[in-house]
Structure formats: C-alpha cells, structure tokens
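Now for the letters of each chain:
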Amino acid sequence: MIYLIPEGWGIARPMDVYEVLSSVHNCFSQYFREQINNNPVIVINAGNIGHPVCYKSYAIIFLDVLDRFWCRYVYQFAHEYCHYQIRRDVIQPMRWFEESICELSSLFFLLRVDELWATEPPYPNWMNYHDEFTSYALNEAKTYEEFNTDFSSENSDVLNYLKSYEYDRPKNMYVARKFLPIFEAHPFLWQAVPFLADLTEGLAFAESMKEWALAAPPICWEGISEIAHVFNVDI
C-alpha cells in the first residue's frame, strides 16, 4: 500500500501522482506474484535531498521529481520500489548487482506501464500518453558505458571496482541492458529479486550467483542461469 505525502509535487495533483505510482505497483504485483512486498510504504518528495532514495528499514521512498513528468515518476519509483522488494540490505560485494537490477526495473516497468495504459489508463484521457513511457525508457537506456563483463575470475578489475562502488550508473545501465531481454523472456524472474537479501558474505561472485539460484523459486532457475552466462559464469 502506498501512502503519498501530498506536498511538494509542483503543479501535479497528489491524486494523479498516486495513480501513476499505483500503476507501477500493479505491474510489480503481476510479476513478483507472492513475493511482492505489500507492506505500506510512504512516498515523499525529495526536496532538499536532491535525489531519489529508498530507506527500506523506515518504509520510506523519496522521489526527486515535480509537476506532471509521469515518465520520470515511473522511472524513479520503479527503481526505488525494486529496492523496497529486497527486505534486508544486500551484502556490499553484491550491491552493484542490486543497483543494476533496480536500473533494469526502471526500464522493464516503464514498458509494462506503457502496455497497461494502452488499455487501462487511470483516466481515459491519459490513454494517448502511454507510448511516452517506452520512448523515455529507450532514451534512458542510451546512458551506458560498455565494459568487459567476464567475471569468471575474482581478479577482474571491473568486478572489484563495482564491489567497492555500486553507484556507477553508466555501468549499472550497461548491465541492465544485458538483463532486459532475459527478463522479457523469463518475466517471473522478478520473483527471485527479493532473495538477494539472503546472500552471505565471503563468497566469490560465481558462488553468490549459485547461492541466489538455490534461494530463489524454481521458476527462476533457468533465467538466473542465463544471467550468470552474461558474466561467463556457470551455475
């Protein structure tokens, strides 16, 4: 359940902001199924914070957006709501992976909200807006930096860099772009995302991927194997 603090959204009506965020939640529910975190979450305008963020232990999400830029609401909320689905903090060496999954969430659910509004928009006169979500996703997906994703060895300089700094957005987006066709082919792979909270310290990346697969529902195993192959890892 979403509790929207009504102040701070510029010229956007709070009831409209709520409808946009509810569209994202409804799409999440479709794919996370029984793994969805339906605990109440408070959504507040970021204001002076200056960036979106999820404080999952306090059940608060801040969004840094004003007025009627519905695509930006969806993009930011899908990212932070993905964090919220992971009920505990992910271990530091795998937080770059979490961030990449949450960047993927922004892209994936922009496309799903497009599909939803094409037939069931919050208001009939919003139906023509739906294809803006896909356009926004395609534009954001251009902000990436290519790198060697062969993480079969723990000696990878890029892997070790990401373990220490998870917020390299161009690299996060590059990983998200690689994950998108896998999640499109295996959409219920989202049910595995909450189980990133179960990863334990002290494992090599390949072993963490195996641990994630074992923790996740069986419907996710094939998709997780394909994700591992992005990094030249067999599980």
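In this text the structure is predicted, and so the values were computed from the model without any measurement. The numbers attached to residues start from 1 for each chain and follow its sequence in the written order. Local features in a predicted model are, by the rule used here, given only for residues with pLDDT of at least 70; side-chain atom pairs are given and counted only at 80 or more, and totals for whole chains, interfaces and linings are based on all residues. Calculation of side-chain values draws on the structure's entire complement of heavy atoms; hydrogens and water are dropped beforehand.

Draft legend 1. Spotlight on helix α8 (residues 221-230). Among all positions of α8, only Gly-223, Ile-224, Ile-227, Ala-228 and Val-230 are buried. When α8 is viewed along its axis, its buried side chains cluster within an angular range of 145° and face the same direction. Packed against the buried residues of α8 are α3 (95-119), α6 (169-185) and α7 (205-215). Numbering of helices and strands starts at the N terminus; helices are DSSP runs of H or I of at least 4 residues and strands are runs of E of at least 2. Backbone geometry just after α8 places Asn-232 at a positive phi near 60°. The buried label applies to any residue whose accessible area, calculated with a 1.4 Å probe on protein chains only, is under 20% of its type's maximum; exposed applies above 50%, and partly exposed to all values in between. For this quantity, the arc is that covered by the directions from the helix axis to the C-beta atoms. Any two residues having at least one pair of non-hydrogen atoms within 4.5 Å are treated as being in contact.

Draft legend 2. Structural detail: the sheet that holds strand β2 (residues 41-45). Taken in spatial order, the four strands of this open sheet run β1-β2-β4-β3, and their pairing is mixed. Each of the sheet's edge strands pairs with one partner strand only, and the pair in question is β1 (2-4) and β3 (53-55). On average, adjacent strands in this sheet sit at an angle of 20° to one another, irrespective of strand direction. For two strands to count as paired, DSSP must find a minimum of two bridges between them. In this sheet, strand β4 (residues 60-63) lies alongside β3 in antiparallel orientation, the contact comprising three bridges. Bridging across to β4, Tyr-55 finds its partner in Ile-60. Across the sheet, helix α1 (residues 14-32) is in contact with β1, β2 and β4; its angle to β1 comes to roughly 155°. Think of each axis as a best-fit line through the C-alpha atoms, taken over the contacting stretch in the case of a helix, with angles from 0 to 180 degrees between the N-to-C directions. Helix α2 (residues 70-85) contacts β1, β2, β3 and β4 of the sheet and is inclined by roughly 155° relative to β4.

Draft legend 3. Up close: the packing of α3 against α6. Packing of α3 against α6 leaves a shortest axis separation of 8 Å and a crossing angle of 55°. The angle between α3 and α6 falls in the class oblique. Considering how the two elements wind past one another, α3 and α6 form a crossing that is right-handed. Contacts from Trp-96, Phe-97, Glu-99, Ser-100, Ile-101, Glu-103, Leu-104, Leu-107, Phe-108, Leu-111 and Arg-112 in α3 reach Arg-169, Asn-172, Met-173, Val-175, Ala-176, Phe-179, Leu-180, Phe-183 and Glu-184 in α6. Polar here means any residue other than Ala, Val, Leu, Ile, Met, Phe, Trp, Tyr, Cys and Pro, which are nonpolar, and Asp, Glu, Lys and Arg, which are charged; Gly is therefore polar. Its residues assigned to classes, the contact of α3 with α6 shows 13 nonpolar, two polar and five charged. In what follows, roughly perpendicular refers to angles from 65 to 115 degrees, roughly parallel to angles under 35, roughly antiparallel to angles over 145, and oblique to any angle outside these ranges. It is the rotation of the near helix from the far one that decides the hand of a crossing: anticlockwise by less than a right angle makes it left-handed, clockwise makes it right-handed.

Draft legend 4. The packing of aromatic side chains, seen in detail. In this scheme Phe, Tyr and Trp rings, the latter by its six-membered ring, pair at centre separations within 6.5 Å, and the angle between planes marks the pair as stacked below 30 degrees, edge-to-face above 60, and tilted otherwise. One pass over the structure, following the stated rule, counts 40 aromatic pairs. Aromatic side chains Trp-117 and Phe-133 sit 4.9 Å apart centroid to centroid with 90° between the ring planes, which places their arrangement in the edge-to-face category. Of this pair, Trp-117 sits in helix α3 while Phe-133 sits in helix α4 (residues 131-140), and the two are 16 residues apart along the sequence. Take Trp-117 and Phe-133: they sit in the same class, and that class is buried.

Draft legend 5. Summary view of helix α5 (residues 157-164). Here α5 has its buried residues at Leu-159, Leu-162 and Lys-163. Each buried residue of α5 sits inside an arc of 105° when the element is viewed along its axis, so together they form one side. Exposed side of α5, more than 90 degrees from the buried face: Asp-157 and Ser-164 are the residues found there. Against α3, α6 and α7 lie the buried residues of α5.

Draft legend 6. View of the environment of Leu-162. Inspection of the secondary structure assignment puts Leu-162 in helix α5. The exposure class assigned to Leu-162 is buried, which follows from its relative accessible area of 1%. Taking the C-alpha atoms as reference points, Leu-162 and Phe-97, separated by 65 residues in sequence, lie 8.6 Å from one another. If we ignore the near neighbours within four places in the chain, the residues touching Leu-162 are Trp-96, Phe-147, Phe-151, Asp-168 and Lys-171.

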